[in-house]
Amino acid sequence: EAHLLQAFRATPAESDGTIMEWVGKRVEPNVPNVQLARLVVRSLLEATCAKTKTFQLEPSAPKIYTAIRDRAKLLRKFMQVGTESEQMALMCSGLYEVQDYCARMNWPKMLMKKLFYVLYAADVVLEEAFGVWRDDTTDESGHKRKGLVEVNEFLGWLETTEEDEVDEEAAAEEEARAARRREIEASVAEARKKQADQAVEAAAAAAAAAAASLGRG
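Residues numbered from 1 in each chain as written. Predicted model: local features only at pLDDT ≥ 70, side-chain atom pairs only at ≥ 80, totals over all residues. Heavy atoms only, no water.

Trainee: Please provide a residue-by-residue account of the packing of helix 6 (residues 84–104) against helix 7 (residues 111–121), values included.
Mentor: Packed helices, taken two at a time, are described by their axes: the angle between them and the distance between them. Contact geometry for helix 6 and helix 7: axes closest at 10 Å, N-to-C directions at 155°. In terms of orientation, helix 6 lies roughly antiparallel with respect to helix 7. In this structure, helix 6 meets helix 7 at a crossing whose hand is right-handed. Touching Leu95, Val98, Gln99, Tyr101 and Cys102 of helix 6 are Leu111, Met112, Leu115, Phe116 and Leu119, all from helix 7. The class makeup of the residues in the contact of helix 6 with helix 7 is 9 nonpolar, 1 polar and no charged. (Axes fitted to C-alpha atoms, helices over the stretch in contact; angles between N-to-C directions. Helix = DSSP H or I, 4+ residues; strand = E, 2+ residues; numbered from the N terminus. Parallel < 35°, antiparallel > 145°, perpendicular 65-115°, else oblique. Left-handed = near helix turned anticlockwise from the far one by under 90°. Contact = heavy atoms within 4.5 Å. Nonpolar A, V, L, I, M, F, W, Y, C, P; charged D, E, K, R; others polar.)

Next comes the structure, spelled out in structure tokens:
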């Protein structure tokens, strides 16, 4: 953890590739590892803290948001690996690390909600994982109830977003079906017109043949 903290705090900060190389020498990064995922998230969050005049650490929200966006690709390497269920567990563990960090910082106003949003916007944590975290009952930290209160507005917004996406998908499917119906109707109309034209041509040809026959008679 100390090395990761130093890597994230360094000026200039170590590159994602250098950090992955360091991790790769110690564990297999392509194998799902909840402890490793939590360690990376915890180190990144702690690295953004600023020291106060009393030498206490306090969170710097702008630094955290920037750090998550800048390190999104690196975070995904640790939280989006393995099967779908394994990825859900990894992302859920990352959310618990955010919860515990906010608890250690004495629940700064709106910080947890904003961190959840940044993780979602940066595609570090996928929509389904927030639901897994919300419904999980295995947390033993004692912070889950407070955490749910802190992010209740975000979770409500996320559900609304999902419903809007479903509505948009349904509307798109209906439009596609309507377009197919219009194509079929156009094809049928064209076929009928062609048949009618052929019938007219046939009738005209028959009439001409009859007239010719009478002329010869």
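Trainee: Tell me about the pattern of salt bridges, and please be specific about residues and values.
Mentor: Under the counting rule described, the total for this entry stands at 9 salt bridges. Among the ionic pairs, Asp100 bridges to Arg38, the shortest N-O distance being 2.9 Å. Placement of the pair is Asp100 in helix 6 and Arg38 in helix 3 (residues 34–47), with a sequence separation of 62 residues. Take Asp100: its relative accessible area is 15%, and that puts it in the buried class. By relative accessible area, which is 22% here, Arg38 ends up partly exposed. Taking the shortest distance from any N to any O, the salt bridge between Arg134 and Asp135 comes out at 3.0 Å. By relative accessible area, Arg134 is classed as partly exposed at 32%. (Salt bridge = Lys/Arg side-chain N within 4 Å of Asp/Glu carboxyl O. Buried < 20%, exposed > 50% of the residue type's maximum accessible area, 1.4 Å probe, protein only.)

Trainee: If you had to explain the confidence of the model for the protein to someone new, which residues and values would you point to?
Mentor: Caution applies to low-pLDDT regions: their predicted coordinates should not be interpreted in detail. Per-residue confidence for the protein averages 85 on the pLDDT scale, and 85% of its residues sit at or above 70. Within the protein, no element has a lower average pLDDT than strand 1 (residues 50–51), which sits at 62, and none a higher one than helix 9 (residues 144–150), at 96. (pLDDT = per-residue confidence, 0-100.)

Trainee: Please set out helix 5 (residues 72–79) residue by residue, giving values where relevant.
Mentor: For helix 5, the complete set of buried residues consists of Ala72, Leu74, Leu75, Phe78 and Met79. Summarising the axial view, the buried residues of helix 5 lie within an arc of 160°, below the 170-degree limit, and thus occupy one face. Where helix 5 is buried, its residues meet helix 1 (2–9), helix 2 (16–24), helix 3, helix 4 (61–70) and helix 6. (Arc of directions from axis to C-beta.)

Trainee: Go over empty space enclosed by the protein, please, and point to the residues and values.
Mentor: Within the structure shown, the criterion is met by 1 cavity of 30 Å³ or more. When its volume is computed, the largest cavity comes out at roughly 50 Å³. Val41, Leu44, Leu45, Ile68, Leu75, Val98 and Leu119 together form the lining of the largest cavity. Considering each element in turn, the lining of the largest cavity owes the most residues, 3 residues, to helix 3. Taken together, the residues that form the lining of the largest cavity break down as 7 nonpolar, no polar and no charged. (1 Å grid on protein atoms, 1.4 Å probe; cavity = no way out; pocket = protein on both sides within 12 Å on 5 of 7 lines; lining within 4 Å. Points joined across faces, edges and corners; volume = space filled by probe spheres on them.)

Trainee: Describe unusual backbone geometry, naming the residues involved and giving the relevant values.
Mentor: The amide bond that connects Thr11 to the next residue, Pro12, takes the cis arrangement and shows omega of -5°. Checked against the element boundaries, Pro12 lands in the loop between helix 1 and helix 2. Non-glycine residue Met110 carries a positive phi angle of around 65°. Its place among the elements puts Met110 in the loop between helix 6 and helix 7.

Trainee: Run through helix 7, naming residues and quoting values.
Mentor: Since the α-helix turns once every 3.6 residues, residues separated by three or four places project in the same direction. Most of helix 7 is tucked away, with 8 of its 11 residues classed as buried. Following helix 7 by one or two positions, Asp123 has its phi on the positive side, about 60°.

Trainee: With reference to specific residues and values, describe the nonpolar core.
Mentor: Counting residues in hydrophobic clusters, the biggest one holds 55 residues, and the most contacted among them are Met79, Val98, Leu115, Phe116, Val125, Phe130 and Trp133. If you tally residues by element for this core, the top one is helix 6, at 10 residues. Ignoring anything within four residues of it in the chain, the contact list for Met79 reads Ala37, Val41, Gln87, Leu90, Met91, Gly94, Val124 and Val125. (Core = buried A, V, L, I, M, F, W, Y, C linked by side-chain atoms within 4.5 Å.)

Trainee: Run through the environment of Tyr117, naming residues and quoting values.
Mentor: By secondary structure assignment, the location of Tyr117 is in helix 7. On the basis of relative accessible area, Tyr117 is assigned to the partly exposed category, the value being 41%. Tyr117 sits 37 residues away from Phe154 along the chain, and the two C-alpha atoms are 7.2 Å apart. What Tyr117 contacts, discounting residues up to four positions off in sequence, is Phe154 and Trp157.

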